Amino acid sequence: MIISTMEIARLKKELADKFSAELHFHDSCGGQSFSLDKSGEEITKYITAFFAELGVKIKFTTDNKQFYTVKG
């Protein structure tokens, strides 16, 4: 599933407002990926819940500063 730019903009604003975290969006033919300027357990939980509401699975890298959408 492709996440709309409106949803990404909403998440970007919410992360900035709630956590002072900046979300970076990377879109390529291979899919969508995201990176953060900072990480934390609460940020990870928030992002996971946000995407779950959209019915989208995501996977974080080990440092929790990058994540990407997962098919299926």
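Please refer to the structure placed before this passage.
Below, the structure is looked at part by part. (Residues numbered from 1 in each chain as written. Predicted model: local features only at pLDDT ≥ 70, side-chain atom pairs only at ≥ 80, totals over all residues. Heavy atoms only, no water.)

In this section: the overall build of the protein. Across its full length, the protein holds two helices and four strands. Helices and strands appear in the protein in the N-to-C order α-β-β-α-β-β. Relative to its length of 72 residues, the protein is compact, with a C-alpha radius of gyration of 11 Å against a globular reference of 11 Å. Along the first, second and third principal axes, the C-alpha atoms of the protein reach 30 × 25 × 20 Å. Across the 72 residues that make up the protein, the buried fraction comes to 31%. Of the contacts made within the protein by residues no fewer than 6 positions apart, 44% connect residues no fewer than 24 positions apart. Carbon and sulfur atoms provide 54% of the accessible area of the protein, an area that totals close to 4700 Å². Positive and negative side-chain charges in the protein, numbering 10 and 10 respectively, have mean positions lying 3 Å apart. (Helix = DSSP H or I, 4+ residues; strand = E, 2+ residues; numbered from the N terminus. Rg over C-alpha atoms; globule rule 2.2 N^0.38 Å. Buried < 20%, exposed > 50% of the residue type's maximum accessible area, 1.4 Å probe, protein only. Contact = heavy atoms within 4.5 Å. Areas by Shrake-Rupley, 256 points an atom, 1.4 Å probe, with all protein chains shown as cover. Lys, Arg positive; Asp, Glu negative; His and termini not counted. Charge placed at Lys NZ, Arg CZ, Asp CG, Glu CD.)

This part takes up the sheet that holds strand E2 (residues 31–36). On the basis of which strands lie adjacent, the open sheet formed by four strands has the order E1-E2-E4-E3 and antiparallel pairing. Edge positions in the sheet fall to strand E1 (23–28) and strand E3 (57–60), since each of these pairs with one other strand and no more. Within this sheet the neighbouring strands show an average axis-to-axis angle of 25 degrees, counted without direction. Bridge count between E2 and strand E4 (residues 66–70): three bridges; the pairing is antiparallel. Paired with Ser 33 across the two strands is Tyr 68, which belongs to E4. Of the strands in this sheet, E2, E3 and E4 touch helix H2 (residues 41–53), which is tilted by about 155 degrees from E3. (Pairing = 2+ DSSP bridges. Axes fitted to C-alpha atoms, helices over the stretch in contact; angles between N-to-C directions.)

Along the polypeptide, Ile 43 turns up in helix H2. Given a relative accessible area of 5%, Ile 43 falls into the buried group. Along the sequence, Ile 43 and Ala 21 sit 22 residues apart, while their C-alpha atoms lie 8.4 Å from each other.

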